[in-house]
Amino acid sequence: MSWSEVPVSAEKQKNWQAEYAVKTISMDELFSRYITGGNRIYCGGLHVPTTVVNEILARVKAGLLSGVDIWANWMNGSVDFAQLGEVSPEVFRYHTYFAGPNERAGFASCVSHVPVHFSDVWSMLAAQDLDYAIVQMTPPDAKGYCNIGPLGFVPGGVRSAKRIIANINPNLPRVFGDTHDYHVSQIDAFLVQPEELDIAPAIKPSPEELKVAELVVERVNDGDTIQLGIGGISEAIGEGLQCKKHLGCHTEMYSDVFVALQQAGVIDNSRKSFMPGVSVGGYSTGSKRLYDFINENPEVRFCSYNTVCDPATIAKNDNLVSINTAVSIDLTGQVCAESIGPRQYSASGGQCDFVRGVKHSKGGRGFIAVTSVAHTKKGPVSKIAPILAPGSAVTSLRNDLQYVATEYGIADLRWADLETRAKRLIAIAHPDFRDELTHEAKKRGLII
């Protein structure tokens, strides 16, 4: 059966145990009855059914399975896609819309990147004619409802698939959400497979990241609503925000940073204009403290990506402060946040969604926050560059950008002409690169 919004009857809510027992299958049954070849499968992201994915790869490698297409993002755990070598797309292909370490290791073999904004993930999955959604869920509650945990991209795959197979994982937090509960009667099969959740260690900010954070935090007011990405700068901003009051949260990633702020009472969501009283997040991965905090916590609400990352919805948050990062920024304000030249490293995620949404937030401010220098094998490289490296993905357009922050200051690019933009960006670049950047800007006609 396909997922539907038909209400589950009181009778089914009361007597679900027998149906659950009948639908519970073994790993062998999963492959003899469902994944038999020629299947289009959605597997979620971050907290994916790693054991099932690895079994698929093993059977493909052994020649027992072919014609399998998987859609997912940032698979957790240890998944070796490189073991399949240069397997043909007719045999196996993994289509990912956000890369983590497992995906990056597989780009040379069977993994391919799908460029998509997080706000469009549902539409993208709906177009794939998915046979199965095989995703992690919590054990059923007293009324027979399983929960997908803190994963706002999963509902898009579940709703689009012809059949739903739940990998029951008792370690997955049960969260409050807009489309996160699915009744036993709405699910086709259950595979009970406990898996440990990824524990993401906290990133200690560098001195440069602390300075960037200090400059950004100065522009955050009491009562603002915050969106943060991931990384050392976000960790540093979280520490800096401890001095603020009555903050709100509407963010793609609800991280340990937000847990600390909410437990300290800094985030109380009392002044939010959209969904006041609760923190709104798209997904979570982090520490045990995070998983424990969000488990059955009504003060944190996880929304599907077509809600939390929709620019029109983002704009409903007055005084939203959106803070994201980048790999490189050119002198006109184009942002690459996902590739190193042509080599895909992560993805656009929700950055562009928030960059665009915050423009229309009453009192909103949008920041791209970076340290001025990347330390590479070839030596230090300025993150503010005359042009983006050939093949770089443009994640956010220069037309949409407002503030760029480094440890040397904040450049306001809103409504600035190209010459003004170039001068302001050069002024916040590392001093060792300013003369070179000025020379290149004049050479290219950006500065007269």
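Residues numbered from 1 in each chain as written. Predicted model: local features only at pLDDT ≥ 70, side-chain atom pairs only at ≥ 80, totals over all residues. Heavy atoms only, no water.

Let us now look at the overall build of the protein chain. Along the backbone of the protein chain there are 16 helices and 26 strands. Against the compact-globule benchmark of 22 Å for 448 residues, the protein chain has a radius of gyration of 23 Å, which places it among compact chains. With the C-alpha coordinates of the protein chain rotated into their principal frame, the extents come out at 75 × 50 × 35 Å. Sorting the 448 residues of the protein chain into buried and exposed places 59% on the buried side. (Helix = DSSP H or I, 4+ residues; strand = E, 2+ residues; numbered from the N terminus. Rg over C-alpha atoms; globule rule 2.2 N^0.38 Å. Buried < 20%, exposed > 50% of the residue type's maximum accessible area, 1.4 Å probe, protein only.)

With that out of the way, let us pick up the sheet that holds strand β21 (residues 365–369). Two strands in a sheet stick together by hydrogen bonds in their backbones, pointing the same way (parallel) or opposite ways (antiparallel). If you walk across this open sheet you meet the 9 strands as β9-β15-β14-β13-β12-β16-β21-β25-β26, and the pairing is mixed. Of all the strands in the sheet, just β9 (176–177) and β26 (409–412) have a single pairing partner and so form its edges. (Pairing = 2+ DSSP bridges.)

Now for the sheet that holds strand β24 (residues 384–385). Spatially, 3 strands are ordered β18-β17-β24 in an open sheet, and the strand pairing comes out mixed. Since the sheet does not close on itself, it has two edges, and those belong to β18 (335–336) and β24, each with one partner. Where strand β17 (residues 328–330) and β24 come together, 2 bridges link them in parallel fashion. Bridge assignment links Ile-329 to a residue of β24, and that residue is Ile-384.

Turning to the environment of Leu-125, a few remarks are in order. Looking at the element boundaries, Leu-125 is found in helix α6 (residues 121–126). Taking C-alpha positions, Leu-125 is 27 Å from Met-275, a pair spaced 150 residues apart along the chain. Sequence-distant contacts of Leu-125, that is, excluding residues within four places in its chain, are made with Tyr-42, Trp-71, Leu-130, Phe-153, Gly-156, Gly-157 and Ser-160. (Contact = heavy atoms within 4.5 Å.)

Turning next to helix α10 (residues 256–263). Burial analysis of α10 places 6 of its 8 residues in the buried class, the great majority of the element. As for α10, its buried residues are in contact with β12 (225–228), α9 (232–240), β13 (248–253), β14 (279–283), α11 (288–294) and β15 (300–302). Backbone geometry just downstream of α10 places Gly-265 in the positive-phi region, at approximately 85 degrees.

Before going further, it helps to spend a moment on the pairing of strand β25 (residues 403–406). Residues Tyr-403 and Ala-405 line one face of β25 and the alternating positions Val-404 and Thr-406 line the opposite face, and both faces are buried. Here β21 pairs with β25 via 3 bridges, running parallel. When the bridges of β25 are listed, Ala-369 appears paired with Ala-405. Connecting β25 to the next strand, β26, in antiparallel fashion are 2 residues.

What follows is about the pattern of salt bridges. As enumerated under the stated definition, the model contains 15 salt bridges in all. Here Arg-174 and Asp-181 are joined by a salt bridge, their closest N and O atoms 3.9 Å apart. Here Arg-174 falls in the buried class, since its relative accessible area comes to 15%. Salt bridges sharing partners connect three or more residues here, namely Asp-28, Glu-55 and Arg-59. (Salt bridge = Lys/Arg side-chain N within 4 Å of Asp/Glu carboxyl O.)

Quick look at the packing of aromatic side chains now. Evaluated as defined, the whole model comprises 13 aromatic pairs. Seen in terms of ring centroids, Phe-98 and Phe-118 are 5.8 Å apart; in terms of plane orientation they differ by 35 degrees. Their pairing is tilted. Here Phe-98, found in the loop between β4 (92–96) and α5 (101–106), pairs with Phe-118, found in the loop between β5 (111–113) and α6; they are 20 residues apart in sequence, far enough to count as distant. Here Arg-59 stacks its cationic end above the ring of Phe-31, 4.2 Å away from the centre of that ring. (Phe/Tyr/Trp six-rings, centres within 6.5 Å; stacked < 30°, edge-to-face > 60°. Lys NZ or Arg CZ within 6 Å of the ring centre and 35° of its normal.)

Before going further, it helps to examine the pairing of β13. Across the 6 residues that make up β13, a large majority, 6, are buried. Pairing of β12 with β13, which is carried by 2 bridges, proceeds in the parallel orientation. Counterpart to Ile-226 in the pairing with β13 is Cys-249. You can see the chain leave β12, run along α9 and come back into β13, and the turn it takes is right-handed. Across 3 bridges, β13 lies against β14 in parallel orientation. Across the sheet, Thr-251 pairs through a bridge with Gly-281, a residue of β14. (Right-handed = clockwise from strand over helix to strand, strands pointing away.)

Here the focus is the state of the cysteines. Taken as a whole, this structure holds 0 disulfides when the rule is applied. In this structure Cys-303 is a free cysteine whose sulfur lies 10 Å from that of Cys-309, the closest cysteine sulfur available. Taking the relative accessible area as the measure of exposure, Cys-303 reaches 1% and is therefore buried. The exposure class assigned to Cys-309 is buried, which follows from its relative accessible area of 0%. (Disulfide = S-S within 2.5 Å.)

As a packed pair, helix α3 (residues 27–34) and helix α4 (residues 50–61) sit with axes 11 Å apart at the nearest point and diverge in direction by 60 degrees. Classified by the interaxial angle, the pair formed by α3 and α4 is oblique. In the packing of α3 onto α4, the handedness of the crossing is right-handed. Contact residues: Met-27, Asp-28, Leu-30 and Phe-31 in α3; Thr-51, Val-52, Glu-55, Ile-56 and Arg-59 in α4. (Axes fitted to C-alpha atoms, helices over the stretch in contact; angles between N-to-C directions. Parallel < 35°, antiparallel > 145°, perpendicular 65-115°, else oblique. Left-handed = near helix turned anticlockwise from the far one by under 90°.)

The residue Asp-129 is not glycine, and still its phi comes out positive at about 55 degrees. Structurally, Asp-129 is set in the loop between α6 and β6 (132–137). Positioned with a positive phi, His-246 is a non-glycine residue whose angle comes to about 55 degrees. Following the sequence through the fold, His-246 ends up in the loop between α9 and β13. The exposure class of His-246 is partly exposed, given its relative accessible area of 29%.

Core analysis: the largest hydrophobic core is formed by 43 residues, its most contacted members being Tyr-42, Met-137 and Phe-153. Mapped by element, the contributors of at least two residues to this core are β2 (40–46), α6, β6, α7 (154–160), β8 (163–168), β14, α12 (305–308) and α14 (351–359). Other than its neighbours up to four places away in sequence, Tyr-42 contacts Trp-71, Tyr-97, Leu-125, Leu-130, Tyr-132, Ala-133, Ile-134, Val-135, Phe-153, Val-154, Gly-157 and Val-158. Listed in part, the 37 residues of the second largest apolar core include Cys-249, Tyr-254, Leu-290 and Ala-405. (Core = buried A, V, L, I, M, F, W, Y, C linked by side-chain atoms within 4.5 Å.)

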